[in-house]
Structures are given as C-alpha cells and as structure tokens.
Amino acid sequence: MFPAFSLHYSRLPERFYERFNPEPVRLPQLIAFNRPLAEELGFDLAALPSREELARYFAGNAVPPGAEPVAQAYAGHQFGGFVPRLGDGRAVLLGEVVDRHGRLRDIQLKGAGRTPSSRGGDGRAPLGPVLREYLVSEAMHAMGIPTTRSLAAVTTGEPVYRETVLPGGVLTRVAASHIRIGTFEYFAARGDVEGLRLLADHVIERHYPQLAGLAGGERYLTLLAAVLERQAALVARWMGVGFIHGVMNTDNTAISGETIDYGPCAFMEAYDPRTVFSSIDQSGRYAYGNQPGIAVWNLARLAEALLPLFDADEQCAIEQATEVIERFAGRYQAEWLAVMRAKLGLAHEHEADGELIEALLQALYSGRADFTLSFRRLADCAASPSADQALLEQFRVSDAIQAWLPRWRERLAAEEQPLEAAAARMRAVNPLYIPRNHLVEQAITAAVEEDDFKPFETLQAVLARPFEEQPGYERYAQPAAPHERVVRTFCGT
Ligand code: AMP
Ligand code: MG
C-alpha cells in the first residue's frame, strides 16, 4: 500500500536518532486522507486498503514494510534560550520515499507516543492541534508557500490529558526533510565536528545538490548562504499573506526552507505589524513584523553551529560567516519587494515602489483594514474604479487609502499593459480565502466537542482553492465578527 521506502536519515550514524516503534493506540479512526498528496507520493490509489487498515498505519498501530522508525535528535533555541537536547518527543520518522517527481520526502507520524526524547511529555497530540496543522499546512501549500504537508489525520480513541481531557490524534506529516537549524546546533553543542560535517553533507545532497562540487570551507559557507536565501524567500511569502508562525524557534526552522511546526500559528486580520496571537509569546518576540528579524537571528545560530566547518581559524570563520549573515537584509528586502509588487499587480521594478508599498501599509494600519480582503478588493480596483467603494468599506478611516489610490493607478499605468491583465495577475497571488483563525477554531470545536468533522472538511475544501471565488462560500472570505474573534492561540503540545 505504501510506496517503497528509500531510507536515508536512518542510514546516518546511530547518534543522529533513536530507533523506536510508534506506540499503538486503542481505537484508530481515519478522519482525513489527502488523496492528491498520496498520489504524488506514489501510493497506489486504486489498491488502497480499507479505512480501518489505513487508520492502523496512520496511527502507528501497524508499521509499513520497509520503514525503520526513528526519533530524530535535535537541540534548539526556544524564545532565545538554548536547549541542548530536544529531539522528537512525540514524532517518529517512518522513513523517506521517492515521490513521482523524483524528490525524497519524509513521512513522519506526529503524536505517535513516547520516545526516548519525550522527557516529561506523554508523546501524544490532542486532536485540535492535529486538525489545525492539517488545515493550515494544506492551505499554505494551496497558496504556493513552501511547507510541510499533511497526508493523514486519525483519532486515537484515547484521551490526552492537558488542562482538560481531550481526544487524541495523530498527524502524518510529509516534509522535504525534518532537519532543522536545531539539528546542527545539537552536534555543535557536543563539539561533534564529524557529526556536523556528515549532517551538512547529507543536507547538501538532499536539499542543495548544486553545491555538491564545492569543497572546503567554501562548501559550507555556500550552504549557509543557500539556507539564508530560502529563509528570506520563505518569510517574505509569509509576510505577503499575513501568516504569523508563532514559535520561530531554531528547532522549528527547517533547513529545506519549508514552513514547519504549525503550533499557535495564526493569520493577521487587521493590518498591524505588532500582531501576536500565541499565548506563550508574552513579549511579542514572534509578532508578525518581527519575523524577518527573527529569521536572521536564527540563521546566525546556524552560522555559529557551522563555524568549525568554515575555517580552522575561528576568527577567520566568524568573519566569513558574518559576511554571509549580513546579506540577509538585502536579500529579504528584494524578496519582500517582489512579493508586494506582485500583490499590487506590478510586473516591472521602479525605484519608488518601496515607498508606494509602505504608504499602502500605513493606510491599512491607520484604517484598521483587513489585510487579505483589502488586497483582494484592490485587484478589482485595478480593473475598474467602480470597485473602489468595496475597497473603502474595508477601512474604518479612509483618508490615507483615498490619497493612495491615484498614486497606485498612475504607477499601474506606467506598466503599459491592459488593466484587466493586472487585475487577473493580482487575483492569482492575493488569496480570497485564508485559514482565518475563527474558521479554524470553529472547525476544531465541532470536531472535538461534537465529533462533527463536516466543518473541517468544508473548510479544507474551500482553502484548497484560495484564489478562486467560490459562490455560496462568501462567509469563508470574511473577517471574524466581533463575537467570533480569536485573540489567543495555543501550542497544544
Ligand atoms: P514543539 O513545541 O511542538 O515544537 O515541541 C518542542 C519540543 O517538545 C520537541 O522536542 C517536542 O518533541 C517536544 N514535545 C512537544 N509535545 C510533546 C509531548 N506531548 N510529549 C513529548 N514531547 C513533546
Ligand atoms: Mg517543534
């Protein structure tokens, strides 16, 4: 049933992981199975077993042939403080498969029971966070943002004890790999330079094959630069859709450049760079507007971990690493400008674009306007001034946006292209449907409290086509009404 495993990570030395089998659960029940992703991974959809059988695999009650389950070792900076040993405390990597495009993909069960890294934890995941990760990761993918994917979700038939008693779930996660900045920090913290080199070479082979021909310090400095480029691109994409990761710790930063670990993540509604939802982020460290700064902070931790591979002379290594890290600001700015230009329908670059964009953001801020809907309405305005009214309705105070619109129209005119084409391009990058926090919350509540998975399924179907207007689903495009508004999100670990 499973495609053939092609094991890579578990072929690394023993100190990279701990072997362990998922702990079986009492009554596994399949609640979601991602057929398009399964197809892409090489599952034979025509020969799938029963739902009961699928549930057993995705709960970890049955281990597919060829898999060699391991819990991966990693460390990490959490909220700025270093923890030398984290590791998979509730996740198990079954192994890798080669997908239909020839790419290696990890298949991991999250919530699969206690591992040697569980410390005080129970190794389990409540159903709510499983559904949240499923919904949001798949929505990110549909918006074209690099991310881990969700292949399946099951309920376990077992309670999970948190502040209250909750139903348990297991998520099957698919990733280019689960190697994190924290994986490098794990070896660096142990002074294990050989391990560091093996890991870096594994990462180059897997994610950055274009570096294969490089040798010596240059090889690893270029790796740092390549990881930096992907992080800059990724965070710029997040900023473009109002995504707030919520726990940008180094152990939640994938080296592949995919978004990973959807915990207290959320989407900003009214534009405000200080927006924070996570209950554990009291200082706003991971606020929307801080994300680029945190990304480079995390990359600096990666650079520190890699120092011994750059140069035998530490001072030299630091100088070279610093030079690479300093590229982030320029790189991020370029990526962000590209994202924002596209959102505004601008195909060409003009020097004053940065200012134009900042002025729009200022107008969104002063008008308390919904970030997502404002850009979507703006697409309509590109095609016709008669759409302005619908845009202005997003704003509580509209002076700034009214002053801004003619500036933008003048800039659009300089593109010398049909306005309809600009509008169509804008609609292809400005989502109408995002996983709004209250919708996600409603879907989770119905599933957890009433065993009703219909809202989860409907929301998932709507979010699979974020850029297409879906008649009858207007409410899914709307910001939360005051009584629906979610102000806090939780990790749920
Ligand atoms: P997270 O907040 O999910 O990124 O997890 C941070 C660390 O805590 C990782 O090492 C996890 O494996 C571990 N962890 C989170 N939840 C649990 C749990 N329920 N049981 C054991 N370990 C956990
Ligand atoms: Mg994590």
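These numbers were taken from a predicted model, which means no experiment stands behind them.

1. A few points about the overall build of the chain
Secondary structure assignment for the chain yields 16 helices and 12 strands. Expected size for 493 residues packed as a compact globule is a radius of gyration near 23 Å; at 23 Å, the chain falls within 12% of this value. Overall size of the chain, expressed as C-alpha extent along the three principal axes, is 65 × 60 × 45 Å. Going through the 493 residues of the chain one by one, you find that 58% of them count as buried.

2. Section: the domain arrangement of the chain
According to the domain assignment, the chain consists of domain 1 (9-175), domain 2 (181-336) and domain 3 (437-478). When each unit is reduced to the centre of its C-alpha atoms, the spacing between domain 1 and domain 2 is 23 Å. Across the contact, 34 residues belong to domain 1 and 38 residues belong to domain 2. Buried surface at the junction of domain 1 and domain 2, both sides included, amounts to about 3,000 Å², of which 61% is carbon and sulfur. The interface formed by domain 1 and domain 2 holds 5 salt bridges in total. With a shortest N-O distance of 3.2 Å, Arg206 and Glu96 are connected by a salt bridge. Our enumeration of links across domain 1 and domain 2 arrives at 16 residue pairs in polar contact (both at pLDDT 80 or more). Secondary-structure elements contributing two or more residues to the side of domain 1 that touches domain 2 are β4 (76-78), β7 (104-110), α3 (127-142) and β10 (165-175). With 5 residues, α3 is the single largest residue contributor to the side of domain 1 that touches domain 2. Split by residue class, the side of domain 1 that touches domain 2 holds 18 nonpolar, 8 polar and 8 charged.

3. Here's the deal with the environment of Ala236
Structurally, the position occupied by Ala236 is in helix α6 (residues 216-241). Residue classification places Ala236 among the buried positions, given a relative accessible area of 0%. Sequence-wise, Ala236 and Phe16 are 220 residues apart; in three dimensions their C-alpha atoms are separated by 32 Å. If we ignore the near neighbours within four places in the chain, the residues touching Ala236 are Tyr332, Glu335, Trp336 and Val339.

4. Some thoughts on the pattern of salt bridges
Going through the model one piece at a time under the given rule, you end up with 35 salt bridges. With its nearest N and O atoms 3.1 Å apart, the salt bridge here joins Arg19 to Glu68. Of the two residues, Arg19 sits in strand β1 (residues 17-19) while Glu68 sits in the loop between α2 (51-59) and β3 (70-72), which places them 49 residues apart along the sequence. Residue class for Arg19 comes out partly exposed when judged on its relative accessible area of 41%. The shortest N-O distance in the salt bridge between Arg105 and Asp99 comes to 2.8 Å. One connected set of salt bridges, linked through shared partners, spans Lys110, Glu133, Arg173, Arg180 and Asp261.

5. Observations regarding the coordination of the magnesium ion (ligand 2)
Here the magnesium ion (ligand 2) is held by the protein donor atoms Asn252 (OD1) and Asp261 (OD), which lie 1.9 to 2.2 Å from it. Given a relative accessible area of 10%, Asn252 falls into the buried group.

Rules of the game
- Residues numbered from 1 in each chain as written.
- Chains lettered and ligands numbered in written order.
- Predicted model: local features only at pLDDT ≥ 70, side-chain atom pairs only at ≥ 80, totals over all residues.
- Heavy atoms only, no water.
- Helix = DSSP H or I, 4+ residues; strand = E, 2+ residues; numbered from the N terminus.
- Rg over C-alpha atoms; globule rule 2.2 N^0.38 Å.
- Buried < 20%, exposed > 50% of the residue type's maximum accessible area, 1.4 Å probe, protein only.
- Domains from an automatic or database assignment.
- Contact = heavy atoms within 4.5 Å.
- Buried area = accessible area lost by both parts, 1.4 Å probe.
- Salt bridge = Lys/Arg side-chain N within 4 Å of Asp/Glu carboxyl O.
- Polar contact = N/O pair within 3.5 Å; in protein donor to acceptor, adjacent residues only side chain to side chain.
- Nonpolar A, V, L, I, M, F, W, Y, C, P; charged D, E, K, R; others polar.
- Donors = N, O, S within 2.8 Å, 3.2 Å for Na, K, Ca; no water.

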